[in-house]
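Residues per chain are reported as follows:
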Amino acid sequence: MSRPCATLGSCLLSKLSRRRRLGGSSSRNGVKVPGGIGKLSDMHTLGMVDIGTAGGDAILEELKKLTQLHKLGVSGINRDNIRKFFSVISGLAHLESLSLRVQVDEDDEAGWLDLDDISFEPLVNLQSLKLYGLLRKLPKWTKQLKNLRKLSLQMTMLPKEGVDDITDSPYQLETLRLFLSEFQDDELHFGRRKTTFLGLLEISCNSRVQGTITFHDDFLLKVLRIRCWGESSLRFSGLQS
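Residues numbered from 1 in each chain as written. Predicted model: local features only at pLDDT ≥ 70, side-chain atom pairs only at ≥ 80, totals over all residues. Heavy atoms only, no water.

Under an unreviewed UniProt entry, the name given to the protein chain is Disease resistance R13L4/SHOC-2-like LRR domain-containing protein, and the source organism is Panicum miliaceum.

So, in structure tokens, the structure goes:
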């Protein structure tokens, strides 16, 4: 590095950003952290850490020691390491923001993401969750995060009932960001089941996404942000509300 970084987290993020600008790529969009990182016990921010490579178990053992973490980003989440990963973060009582990139193939139903037997009581301070690489559903364990305020989802497709499942959850979201590749039956509805309040709704999609986004009267929104790449044929209904 040509100049010092304020934190090791900023060093890792800077390295990854520079790699992307130079055309480098990673299937998991993460970096392998050096051994002994667990000695930096006062660290507050770390990411994006790749645990899907050789030596991932050793990295998780190091993460377990970073008990003061407030913000953590991890990539390479798969069916082989997900349980150990959640066992590790259950001890991070100060965690406020969590970003996860999962490895899911198109022919994988990804039922292993649900983890019904996992308890999230220690994560009482978690307010922001980002999930990247999902296929068609939100994992059940997200409903245990009762203090969640910000949710970002990157999914292949969000089913019709998907938005209702999000808004029916016990947490009171202030910000919802959706990165989608397609809509089920080319439709996306907000506010069908109950009154929903959101400060910010952001929907990002590529040029292949087409269909109608409908806002019902029970959907109360302060800011709507739509980001589309290429020519989009999206239509909107209910904006007058």
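Trainee: Please explain the pairing of strand β3 (residues 97-102) as it appears in this structure.
Mentor: Where a strand is regular, its side chains alternate between the two sheet faces. Burial within β3 is extensive, with six of its six residues counted as buried. Burial along β3 is two-sided: Ser97, Ser99 and Arg101 facing one way and Leu98, Leu100 and Val102 facing the other are all buried. Examined bridge by bridge, strand β2 (residues 71-77) and β3 share five bridges and lie parallel to one another. Within the sheet, the bridge partner assigned to Lys71 lies in β3 and is Ser97. (Buried < 20%, exposed > 50% of the residue type's maximum accessible area, 1.4 Å probe, protein only. Helix = DSSP H or I, 4+ residues; strand = E, 2+ residues; numbered from the N terminus. Pairing = 2+ DSSP bridges.)

Trainee: What's the story with the sheet that holds strand β11 (residues 233-237) in this structure? I'm lost.
Mentor: To summarise the sheet geometry, strands pair through backbone hydrogen bonds and adopt either a parallel or an antiparallel arrangement. One open sheet accounts for three strands, arranged β7-β9-β11; its pairing is parallel. Two strands lie at the open edges of the sheet, namely β7 (187-190) and β11, each paired on one side alone. Taking each pair of neighbouring strands and ignoring which way they run, the sheet shows an average axis angle of 15 degrees. Direction of pairing for β7 relative to strand β9 (residues 210-215): parallel, over a ladder of four bridges. Of the residues in β9, the one forming a bridge with Leu188 is Ile213. (Axes fitted to C-alpha atoms, helices over the stretch in contact; angles between N-to-C directions.)

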